Amino acid sequence: MFNRPDDPYCQFAQTGWKSNCAATATAEHKKLPPAPGPLPGPTKPVPGYKPRYDVVIVGSGPVGCTYAREFVKAGYDVAMFDIGEIDSGKQIGSHKKNTVEYQKNIDQFVHVIQGQLMPVSVPVNNLVVDTLAPSSWQASSHFVRNGANPEQDPFRNLGGQSVTRVVGGMATHWTCATPRFHEEERPKLIKDNDAADACEWNRLYTIAEGFMKTRVDQFNQSVRHNLVLNTLRTHYKKERAFQQIPLAATRRNASFVEWSSAHTVFDLENRPHEHAPKERFNLFPAVACERLILSEDNAEIKGLVINDLIAQKRYCIKATVYIITAGAIATPQILANSGFGQLGRPSPEHRPKLLPYLGCFLTEQTLTFCQTVMKAELIANVKADMTIVGSPGDAEYNVSFTPGDPNNEHPDWWNRKVQDHMTKHPEDPLPIPFGDPEPQVTTLFNGTHPWHTQIHRDAFSYGAVQQSIDSRLVVDWRFFGRTEPVEENKLWFSDKITDAYNMPQPTFDFRFPQGRTTEEADRMMTDMCTMSAHVGGFLPGSEPQFMKPGLVLHLGGTHRMGFNEEKDKCCVDTDSRVFKVKNLFLGGCGNIGTGYGSNPTLTAMALAIKSCEYITQHFRPTPFEHVSN
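Residues numbered from 1 in each chain as written. Predicted model: local features only at pLDDT ≥ 70, side-chain atom pairs only at ≥ 80, totals over all residues. Heavy atoms only, no water.

Asks: What should I look at first to understand the overall build of the protein chain in this one?
Replies: Each helix and strand in the protein chain was counted, giving 14 helices and 24 strands. Taking 2.2 N^0.38 as the reference for a compact globule, 629 residues should give roughly 25 Å; the C-alpha atoms of the protein chain span a radius of gyration of 26 Å, in line with that estimate. In terms of overall dimensions, the protein chain has C-alpha extents of about 85 × 65 × 60 Å along its principal axes. Out of the 629 residues belonging to the protein chain, those deemed buried represent 56%. Sequence-distant contacts, at least 24 apart, represent 74% of the contacts inside the protein chain between residues at least 6 apart. Within the structure as shown, the protein chain displays about 27,600 Å² of accessible surface, and the carbon and sulfur contribution to it stands at 52%. (Helix = DSSP H or I, 4+ residues; strand = E, 2+ residues; numbered from the N terminus. Rg over C-alpha atoms; globule rule 2.2 N^0.38 Å. Buried < 20%, exposed > 50% of the residue type's maximum accessible area, 1.4 Å probe, protein only. Contact = heavy atoms within 4.5 Å. Areas by Shrake-Rupley, 256 points an atom, 1.4 Å probe, with all protein chains shown as cover.)

Asks: Would you take a moment to explain the state of the cysteines for this structure?
Replies: Among covalent bonds in proteins, the disulfide is the one between the sulfur atoms of two cysteines. One pass over the full model with this rule turns up zero disulfides. In this structure C176 is not part of a disulfide, and its nearest cysteine sulfur, from C65, lies 14 Å away. Residue C570 stays outside any disulfide, its sulfur separated by 6.9 Å from that of C571, the closest cysteine. (Disulfide = S-S within 2.5 Å.)

Asks: In this structure, what is going on with the environment of Q440? I would like to understand it.
Replies: Assignment of secondary structure puts Q440 in strand β17 (residues 440-442). Residue classification places Q440 among the buried positions, given a relative accessible area of 1%. Taking the C-alpha atoms as reference, Q440 lies 9.5 Å from V475; in sequence the two are 35 residues apart. Setting aside residues no more than four positions away along its own chain, Q440 makes contact with F219, H225, Q243, Q244, I245, L247, W259, I455, H456 and R457. One polar contact links Q440 to E438, side chain to side chain, over a distance of 3.2 Å. (Polar contact = N/O pair within 3.5 Å; in protein donor to acceptor, adjacent residues only side chain to side chain.)

Asks: Is there a simple way to think about empty space enclosed by the protein in this case?
Replies: To find leftover empty space, one rolls a probe the size of a water molecule over the atoms. Scanning all chains against the criterion turns up one cavity of 30 Å³ or more. If you go around the largest cavity, the residues you meet are N298, F340, K353, L354, L355, E565, V578, F579, K580 and V581. Across the lining of the largest cavity, the residue classes break down as six nonpolar, one polar and three charged. (1 Å grid on protein atoms, 1.4 Å probe; cavity = no way out; pocket = protein on both sides within 12 Å on 5 of 7 lines; lining within 4 Å. Points joined across faces, edges and corners; volume = space filled by probe spheres on them. Nonpolar A, V, L, I, M, F, W, Y, C, P; charged D, E, K, R; others polar.)

Asks: Teacher, can you tell me more about the environment of V441 here?
Replies: In this structure, V441 sits in strand β17. Sequence separation between V441 and S576 is 135 residues, and the spatial gap between their C-alpha atoms is 33 Å. Setting aside chain neighbours within four positions, we find V441 in contact with H225, V228, L229, L232, F242, Q243, I245, T453, Q454 and I455.

Asks: Can you help me understand the sheet that holds strand β8 (residues 256-259) in this one?
Replies: Read from one edge of the open sheet, three strands run β5-β7-β8, paired in antiparallel fashion. The open sheet terminates on both sides in strands that have one partner only, identified here as β5 (214-215) and β8. By the bridge criterion, two bridges tie β5 to strand β7 (residues 247-253) in an arrangement that is antiparallel. Among the inter-strand pairings, T214 is bridged to a residue of β7, identified as A248. (Pairing = 2+ DSSP bridges.)

Asks: What should I look at first to understand the pairing of strand β21 (residues 504-509) in this one?
Replies: Sheet faces and side chains relate simply in a regular strand, where the side chains alternate between the two faces. Within β21, five of the six residues are buried, which leaves the element mostly enclosed by the surrounding structure. The pairing of strand β20 (residues 490-498) with β21 spans five bridges and is antiparallel. By the bridge assignment for β21, T498 is matched with P504. Connecting β20 to the next strand, β21, in antiparallel fashion are five residues, including N502 with a positive phi near 60 degrees.

Asks: In this structure, what is going on with the packing of aromatic side chains? I would like to understand it.
Replies: Here a ring pair, both rings aromatic, is described through the centre-centre distance and the interplanar angle of the planes. Summed over the entire model, instances satisfying the criterion amount to 13 aromatic pairs. Ring centres 6.4 Å apart and planes at 85 degrees place the aromatic pair F585 and F619 in the edge-to-face group. Taken together, the positions of F585 in strand β24 (residues 584-586) and F619 in the segment after α14 (601-618) put the pair 34 residues apart, joining distant regions of the chain. An identical accessibility class is assigned to F585 and F619; each is buried. Seen from the ring of F563, K191 lies directly overhead, with NZ or CZ sitting 5.5 Å from the centre. Over the ring of Y236 we find R240; its NZ or CZ atom is 5.8 Å from the centre of that ring. (Phe/Tyr/Trp six-rings, centres within 6.5 Å; stacked < 30°, edge-to-face > 60°. Lys NZ or Arg CZ within 6 Å of the ring centre and 35° of its normal.)

Asks: Help me out: how do you make sense of the pairing of strand β13 (residues 313-324) in this one?
Replies: Across six bridges, strand β1 (residues 52-58) lies against β13 in parallel orientation. Bridge pairing in β13 places Y53 opposite A319. The antiparallel hairpin formed by strand β12 (residues 301-308) and β13 contains four residues in its connecting segment, where Q312 sits at a positive phi of about 55 degrees. Bridging between β13 and β24 involves three bridges; their strand directions are parallel. Each bridged residue has a counterpart across the sheet, and for Y322 the counterpart in β24 is L584.

Asks: Looking at this structure, I do not really get helix α6 (residues 194-212). What am I missing?
Replies: Think of an α-helix as turning once every 3.6 residues; residues three or four places apart then point the same way. Taking 1.5 Å of rise per residue, 19 residues should cover 27 Å, and α6 covers 26 Å from first to last C-alpha, within 8% of that figure. Along α6, the positions that sit buried rather than exposed are D197, E200, W201, L204, Y205, A208, E209, F211 and M212. Down the axis of α6, the buried side of the element spans an arc of 165 degrees, and every buried residue falls inside it. Set apart from the buried face of α6 by more than 90 degrees, the exposed residues are A195 and C199. Packing partners of the buried residues in α6 comprise α3 (62-73), β5, β7, α8 (262-265) and α14. One or two steps after α6, the chain reaches K213, where phi turns positive at roughly 60 degrees. (Expected span 1.5 Å × (residues − 1). Arc of directions from axis to C-beta.)

Asks: Sorry, what's going on with the nonpolar core here?
Replies: Across soluble globular proteins, nonpolar side chains show a tendency to be buried alongside one another. Within the largest apolar cluster, 86 residues are counted, with the highest numbers of intra-cluster contacts made by V56, F340 and L584. By residue number, the principal contributor to this core is α14, which donates ten residues. Non-local contacts of F340, meaning those with residues more than four positions away in its chain, are made with L294, I301, L335, L354, L355, L358, V578, V581 and L584. Counting 34 residues, the second-largest nonpolar core is a separate cluster that includes L229, L232, C370 and V382. (Core = buried A, V, L, I, M, F, W, Y, C linked by side-chain atoms within 4.5 Å.)

Asks: Which parts of the structure should I look at to understand the packing of helix α7 (residues 223-236) against helix α11 (residues 412-424)?
Replies: The description of two packed helices rests on the angle between their axes and on the distance between the axes. Their axes nearest at 11 Å, the elements α7 and α11 cross at an angle of 125 degrees. One way to sum up the angle between α7 and α11 is to call them oblique. In this structure, the crossing between α7 and α11 has a hand that is left-handed. Seen from α7, the contacting residues are V223, N226 and L227; seen from α11, they are W413, W414 and K417. Across the contact of α7 with α11, the residue classes break down as four nonpolar, one polar and one charged. (Axes fitted to C-alpha atoms, helices over the stretch in contact; angles between N-to-C directions. Parallel < 35°, antiparallel > 145°, perpendicular 65-115°, else oblique. Left-handed = near helix turned anticlockwise from the far one by under 90°.)

Asks: What is the right way to read α7 from this model?
Replies: For α7, built from 14 residues, the straight-helix expectation of 20 Å at 1.5 Å per residue is met to within 8% by its first-to-last C-alpha distance of 20 Å. With respect to burial, α7 is a largely interior element, ten of its 14 residues being buried. Looking at α7, one finds that the buried residues are V223, R224, H225, N226, L227, V228, L229, T231, L232 and Y236. N-capping of α7 is provided by S222, with a side-chain oxygen placed 3.5 Å from the backbone N of R224. Looking one or two residues past α7, K237 carries a phi angle of roughly 45 degrees, positive in sign.

What follows is the structure, given as C-alpha cells:
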C-alpha cells in the first residue's frame, strides 16, 4: 500500500474486518420479499409495479435505451432502474444543451456539466489545518473524511474520472460525437474473417447511427466551421483528410441544433399509453441496484436487489433476463457486490472463481488540449468577397458582393451571411455573424495518426473562455489517444470502505503504459501544436497541455468482451453475455477491451444491438395482458 506502515489506516487495512456490504456480498444471500406496491416513477402515474418482468435494465443512458427500444418494440415487458432522478425537463433523459440560452452562450453550459460530474475516487488530503481553534477536534491521522478514499494511491489514480447520476446519464451533457471506430480500434466480433467482421460492424453501426441520428452535414453552412475546415485542408492538402465530426444531432434552423441523447434513442415514457397501447415499459428513477442474486450453481441470476432511495426500502425484483448498463464503473461495482470478481485489493494469490478478470485491463484515453484565437488574416478572409463603401457609421456605408461570381472565394450563402451581418451590425469589428454555428472539425483516427481529434467549440468541465475574448474567435483543440490494455491497470472495490450509496468504494490502480501509449501521446501533442498553429495563436491560460488522467470520461475495458474467458481474459462474449451465466448481459464501454482513441458511445450501442438480437432469439416475451385502470 502507499500508506506508511505506521499509519493507523494501513494497520486497520490488514485486519479481517469487512464493511457490511462486503460481508453481505460474500455471504449466502437471503431472499427478499416482493415489493408490496409501486416504486416512485416519472411525473405520469406508473401503470402498475410488478415483482417480475421479462427484462430488467439497470441504467438509462444511450446503451440502456438501445436495449429498451429493441425489447419494448419486440413485445417484452421491460423495467428500467436508474440510481439518478429525472432532471432534464419534459423530455425524459434529453440533452440539457437543447435550450436557446446555452446555444447562444456555450460557455455558460460549462457550469451545468461541472454540477453533474461526481468524482469517483478522491485520495485523502493529509494537509493539517493548523489554524483551527484549540478546542476543535482534529484527527491526528485519517480514516475516512468527507467521502475521500484512504485506499487510493494518488500516483495511480484517474483523478479526473467522474460519473453522472441522472436519468439519461452523461448523454444529458455530452458532445454528441459519434465516430465509427477504425479497424485498429474495433474489438473482433467474428474470428479469423476480417471481411465478415468489417461487414458486421458496418451493419451494426448503420443501425446505431439511425438510433442516434448521426450525420456529418449539420454545420455545412457555418462560416467558422468552413473557415477552420478549409484552412486545414489547404495546409495539409492530401496528407490528411478533414471533415465534420460525426455528430448525433438534428439542425432545426440556422441557429439551433437539437442534440441527441438517451431520449433520442428511446423516449422513456411509461407504457402502455394512448400512443403505444400494447407496449410495456416502466422507468423507476432514484432506485439503486445493489446486487444480483445467483442460483446455487452460479449459472443463472434469480433476482435483483434494489434500494428505493426515496422510501429507503429494499426489494427483490425478478426477471427472465438481466441487463446491467450502469457505466464502466458502476456495472463492475454491482457485480463485485454480487460475488463476481473480488472485493478488496487484488491479490495474485487469491484468484476469483467468478469473472476473475473483472476490473482488469482498464483503459482511459490520453488527452491533449489547447485553445487558439484565430489569426487576423483568417478573419480578414471572411469578408474577402465584400465590396465595402465608406466606413461603419457613415451615411454612405454599404457592403455588397456579386452573387455567382466565379472569382469569389466563398459560396453565396457565406457571402449573404457576412453581408447581412456587416450591414445590420456596423458596430461589430468582426465580420462573423453573431449566431454563426461553431466549428466542428475532425481528422479521424487512422493507422498513421492513431488518435481522434475534435477541433471545435463546445462545453466541457474545463476550457471556458474569458469574457475579454470574443468567443467567435476561439477554437478548442482536443486530441484523444489510445491506451494499450494491460492487466496491471485495474479498477477494484474496497471490502472496508463504502461510497455515498453504501456500495463498495471504487479504487483505481492505473498508469499509462510505457511504450506505444506514451510514444503516441507525445506524437499526438506535437501534431496538435503544429496543426493548431495554422489557425491561430494560443489563448493565454489554455496553452497546449496534457489533461488530468480520467478527464476524458471514456473509461473502457472493465468487463471486456472476447471469445474465450480464459484465453482472452475477458468477462462477456461477443453477444455481451456474462460467461457461464445464461441470463446476465452487460452493456456499455466497459465491454470494449481494445485500445481506442475515438468516442466510444456509438460502438457500445452497436454491441448492444448485437446483444439484443441474441436475446430475442433465445428468450421469448410473456403475452401482453390488458389491465384496466
